[in-house]
Amino acid sequence: MKQIIFSQIEGKSTAYISWLGWLAAFAAAGLGAMWYMEHNGHWVTGMTNQIVWGLPHVFAVFLIVAASGALNVASISSVFGRPLYKPLARLSALLALALLAGGLMVLVLDLGRPDRLIIAMTEYNFKSIFAWNIYLYSGFFGVVGVYLWMMMEQRMNRYTRLAGLAAFIWRLALTTGTGSIFGFLVARQAYDAAIMAPMFIIMSFSFGLAAFILVLMVISNGTGRPLGDAVMGKLRNLLGVFVAGVLYFVTVQHLGALYAPEHAGIEDFILLSGGIYTALFWIGQILVGGLLPLALLYHPVTARDRSMTALAAAMILVGGFIQVYVIIIGGQAFPLLIFPGYEVTSSFFDGQVNAYTPSLAEIVLGLGGVAVTLLIVSVAVKVLPFLATSLADEDIDPDYVAPPEPEEAQEEPETA
Amino acid sequence: MSGTTQFTPTRRALLTGAGALAGVTLAAGVTLISTGATGATGATGATGAAKAVTGPATSKNRWGLLIDSNKCDAGCEECVIACRTEQGWQGHGRPETDPQWIRKVNLKDKQTGATHSLPVMCQHCENPPCVDVCPTGASMQRADGIVLVDKHICIGCRYCMMACPYKARSFVHEDVTGQKQYMPRGKGTVESCTLCVHRVDVGGIPACVEACTEKARHNAMMFGDLNDPDSDISKELSKRVTTRLRADLGLAPGVLYQGL
């Protein structure tokens, strides 16, 4: 194994510049959508007093969950001491920070009063998991920032493992916090389950790694840097394990809920009778986000094909987004059970399945957050050396064995 | 006076302890105290005139409602109209996003077919989940059990709406007009029934109760001090079997229903 060399990308091509232009345009459009929503009030969105958290929260939670998972590659290198992952660690930490920034942007800009962000920073109620999350999210920037510094500054390299361990523990706490936003909601039949926190952690492993693989492949293709089979094989296998893990947790979540008659209504709604939510669950979350990617990642024919790995990663992201949509929107669409055993009617939509259609402004705000994430990554890899110049097997794989040289080549020294 | 620490210290201590375990120790304690103080100031500040009359809210009182669904008429909306007029939460003709601090709910027993009608508003829980989840402490509880939103520090995250089992809260989806001096409202913040705190603090009763008694003459609603054994509401409660909505959640609402 050779010394790993990191370098910036050149970033002078027309394609790169126009890519940045598109991202900036989407980010600006996101800000415009925020202005439109805040100026008019939230009635111009699809959100209501029944569906109080809408598409922006789906984007935000999805990006924040993926953020902590994107750090896993770095953790495998620093905490679990796998040298093959070391050349990927910087990009992994960068992507984690960028995803969190994009997610938080959407979350904050959808507040009823985003101008009061300073209040959220100064007035705390420590019984609130949201207040904990403000610390967990801002702390994540600090901890991962220091971790990146330890990795990128040669004199500080000896502290990399310690910083990596701190970042790993922090990211587990962060995703526990995100899952607990829902897990602690005792009032709603769709949530109120301790399994939410560990399920969000395994979801983060899966979404974060899928995002990382796609970013890595795009950058390697775009810059012509070699990407060896050894690293791709490891990442692909790991992704498959994580996807299976998500399916396992989803199974346990629903089996656990099905066991209690109190949850029978919401389970029937999501699994059987919920119309769009049932379709999204089975087709989007389970098939597109789980079973099909598993087949693509492990079937002997498709496993060797990198474009199939990329397709699987993209499907995991789409399915993951749908999973968060089903959790957040589907969970609110089902009516609150205030009067068990009664048929309920009121002027406030009691007892009714609540309708929700996301507005264009919400979609644009969410995409703005994605654009900010990609913009941060795209600019950072040009400014600082986040990427190894080569991820070819012979350059980074400690177990690399050179293939036997051809016959005539072996005979060459004798004839010389 | 810290309204958020008056009730069920054990559960609250447990949650606060969990916060401390999560690594938020000294700063947590300091901020918690200051947040409680801010909330309390906001509450009395909103009813500044009342302070001079009755002094700050104390845990000597526990204000509550008793609602008799047998007396409540399915077609009657007087309590809702009175609340809307008193607090100024007129809608914009958009039922999905218009606020509703109080609503009439009609029920039909799935097995027996028996019907009930009753108003549902903020249940002013002893252990309010909306207060627990609010990140800034805007959602707060006075010492006398009234649960309020401090509109000045609400950031509009709507987590309290997610946490409320009764759908009692509304988000202000658009510009507000016709605000009452005693009831500040604002686009982008969350609001709900205040138990007419501005009336209660000067010895009055909530507008909904007044309307039910004097206008509709149904006498289906009673307001009073649950802590005072000699109050009319306490005497009624001691004689009748009453129900708390979602009693299984252990929130100990201050609103009790009879006839369910």
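This is a predicted model, so every value here is computed, not measured. Every chain begins its residue count from 1, and numbering advances along the sequence as written. Chain letters and ligand numbers both follow the written order, the letters beginning at A and the numbers at 1. The model is predicted, so local features are restricted to residues of pLDDT at least 70 and side-chain atom pairs to those at 80 or more, both for listing and for counting; the totals for chains, interfaces and linings are taken over all residues.

Engineer: Would you take a moment to explain the overall build of chain B for this structure?
Structural biologist: Looking only at helices and strands, chain B has nine helices and 10 strands in total. The exposure label follows from counting other C-beta atoms within 10 Å of a residue's C-beta, where the C-beta atoms are placed from the backbone and the thresholds are 20 or more for buried and 12 or fewer for exposed, leaving partly exposed in between. Counting every position in chain B, which comprises 260 residues, the buried fraction comes to 50%. Any residue pair is listed as a contact if its two C-beta atoms, each placed from the backbone, are within 7 Å. Taking the contacts inside chain B whose residues are at least 6 apart along the sequence as the reference set, 66% of them involve residues at least 24 apart. Only DSSP runs of H or I reaching four residues or more are called helices, and only runs of E reaching two or more are called strands; each is numbered from the N terminus.

Engineer: I'm lost on the overall build of chain A in this one. Help?
Structural biologist: Within chain A one finds 16 helices and three strands. For 416 residues, the compact-globule estimate of 2.2 N^0.38 gives 22 Å, and the C-alpha radius of gyration of chain A, at 23 Å, lies within 12% of that figure. A principal-axis box enclosing the C-alpha atoms of chain A has dimensions of 95 × 45 × 40 Å. Nonlocal contacts in chain A, meaning residues at least 24 apart in sequence, comprise 78% of its contacts between residues at least 6 apart. Computation of the radius of gyration draws on C-alpha atoms, with the globule rule given as 2.2 Å multiplied by the number of residues to the power 0.38.

Engineer: How do you make sense of the sheet that holds strand β9 (residues 242-243) of chain B when you look at a structure like this?
Structural biologist: Consider a sheet: its strands pair through backbone hydrogen bonds, and that pairing is either parallel or antiparallel. Residues and elements named next belong to chain B. The mixed open sheet is built from four strands, whose spatial order is β8-β1-β10-β9. Two strands in the sheet have a free side with no partner beyond their single neighbour: β8 (221-225) and β9. By this definition, two strands are paired if DSSP reports at least two bridges between them. Sheet topology note: the strand β1 (residues 63-68)/strand β10 (residues 255-258) ladder contains four bridges and is parallel. Within β10, the residue paired with L66 across the bridge is L256. Axes here mean lines fitted to C-alpha atoms, for a helix over just the part in contact, with angles spanning 0 to 180 degrees between N-to-C directions. Those strands touched by helix α9 (residues 232-239) are β1, β8, β9 and β10, and its axis lies near 110° from that of β8.

Engineer: Is there a simple way to think about the sheet that holds strand β2 (residues 102-109) of chain B in this case?
Structural biologist: Within the open sheet, the three strands sit side by side as β2(A)-β2(B)-β3(B). Their pairing is antiparallel. Every other strand in the sheet has two partners, leaving β2 (342-346) of chain A together with β3 (115-121) of chain B as the edge strands with one partner each. Taking the axes of each pair of neighbouring strands and ignoring which way they run, one obtains an average angle of 30° across the sheet. Here β2 of chain A runs beside β2 of chain B; their pairing, made up of five bridges, is antiparallel. The residue of β2 of chain B that forms the bridge with E343 of chain A is K108 of chain B. Helix-sheet contacts for helix α4 (residues 78-87) of chain B involve β2 and β3 of chain B, and the interaxial angle to β2 of chain B is about 160°.

Engineer: Sorry if this is basic, but what is going on with the packing of helix α2 (residues 55-70) of chain A against helix α14 (residues 360-383) of chain A here?
Structural biologist: Helix packing geometry: the angle between the two helix axes and the distance between the axes. Residues and elements named next belong to chain A. Where α2 meets α14, the axes come as close as 8 Å, and the angle between the chain directions of the two elements is 20°. If you check the angle between α2 and α14, you find them roughly parallel. With respect to the hand of their crossing, α2 and α14 are arranged in right-handed fashion. Judged by residue contacts, L55, P56, F59, A60 and L63 of α2 engage E362, I363, L365, G366, G369 and T373 from α14. Split by residue class, the contact of α2 with α14 holds seven nonpolar, three polar and one charged. Each angle is binned into one of four classes, with values under 35 degrees roughly parallel, values over 145 roughly antiparallel, values of 65 to 115 roughly perpendicular, and all other values oblique. Take the far helix as your reference; a near helix turned counterclockwise from it by less than a right angle gives a left-handed crossing, and one turned clockwise gives a right-handed crossing. Side-chain classes are defined by residue name, with Ala, Val, Leu, Ile, Met, Phe, Trp, Tyr, Cys and Pro counting as nonpolar, Asp, Glu, Lys and Arg as charged, and the others, Gly among them, as polar.

Engineer: Help me out: how do you make sense of the interface of chain B and chain A in this one?
Structural biologist: Facing 55 residues of chain B, the contacting portion of chain A comprises 43 residues. Considering every element that reaches the side of chain B that touches chain A, the biggest residue donor is β2 of chain B, with seven residues. Of the residues in the side of chain B that touches chain A, the class split is 26 nonpolar, 15 polar and 14 charged.

Engineer: Would you mind showing me how to read the pairing of β3 of chain B here?
Structural biologist: In summary, the side chains of a regular strand alternate between the two faces of the sheet. All names here are of chain B. Burial analysis of β3 places five of its seven residues in the buried class, the great majority of the element. Strand direction decides the pairing type here: β2 and β3, joined by seven bridges, are antiparallel. Following the sheet pairing, V105 is matched in β3 by L118. As consecutive antiparallel partners, β2 and β3 are separated by five residues, and within that stretch G113 has a phi angle of approximately 85°, a positive value.

Engineer: Got a minute to help me understand the environment of C130 of chain B in this structure?
Structural biologist: Residues and elements named next belong to chain B. You can see C130 is positioned in helix α5 (residues 129-133). For the pair formed by C130 and C160, sequence separation is 30 residues and the distance between their alpha carbons is 4.2 Å. When near neighbours in sequence (up to four residues on either side) are disregarded, C130 contacts S139, V147, C160, A163, C164 and R169.

Engineer: How should the environment of M161 of chain B be read in this particular structure?
Structural biologist: Position of M161 of chain B relative to the elements: it lies in helix α6 (residues 159-163). The spatial distance from the C-alpha of M161 of chain B to the C-alpha of D98 of chain B is 14 Å, given a sequence separation of 63 residues. Apart from residues lying up to four places away in sequence, M161 of chain B is in contact with V52 of chain A together with R169, F171 and V190 of chain B.

Engineer: Can you help me understand helix α10 (residues 264-273) of chain A in this one?
Structural biologist: Each α-helix winds once per 3.6 residues, and so residues spaced three or four apart point in a common direction. All names here are of chain A. Among the residues making up α10, those that are buried are I266, E267, F269 and I270. Along α10, the residues classed as buried sweep out an arc of 160° about the axis, all on the same side. For α10, the exposed residues lying more than 90 degrees away from the buried face are L272 and S273. Packing partners of the buried residues in α10 comprise α9 (229-259), α11 (276-298) and α13 (306-333). Once α10 ends, the next one or two residues include G275, with phi positive near 60°. The arc in question is formed by the directions pointing from the helix axis toward the C-beta atoms.

Engineer: Looking at this model, I keep getting lost on the packing of helix α1 (residues 14-40) of chain A against α14 of chain A. Mind explaining?
Structural biologist: Where α1 of chain A contacts α14 of chain A, the axes come no closer than 7 Å and their chain directions differ by 140°. In this structure, α1 of chain A meets α14 of chain A at a crossing whose hand is left-handed.

Engineer: What am I meant to see in the pairing of β1 of chain B here?
Structural biologist: Residues and elements named next belong to chain B. Burial analysis of β1 places six of its six residues in the buried class, which makes it a mostly covered element. Two strands pair when backbone bridges link them, and β1 and β8 are joined in this way by five bridges, in the antiparallel orientation. Within β8, the position partnered with L66 by the bridge is M222.

Engineer: How should unusual backbone geometry be read in this particular structure?
Structural biologist: Excluding glycine, a negative phi dihedral is what most residues carry, and trans is how most peptide bonds are arranged. Even without being glycine, H124 of chain B reaches a positive phi, approximately 45°. With respect to the helices, strands and loops of the structure, H124 of chain B is situated in the loop between β3 and α5.

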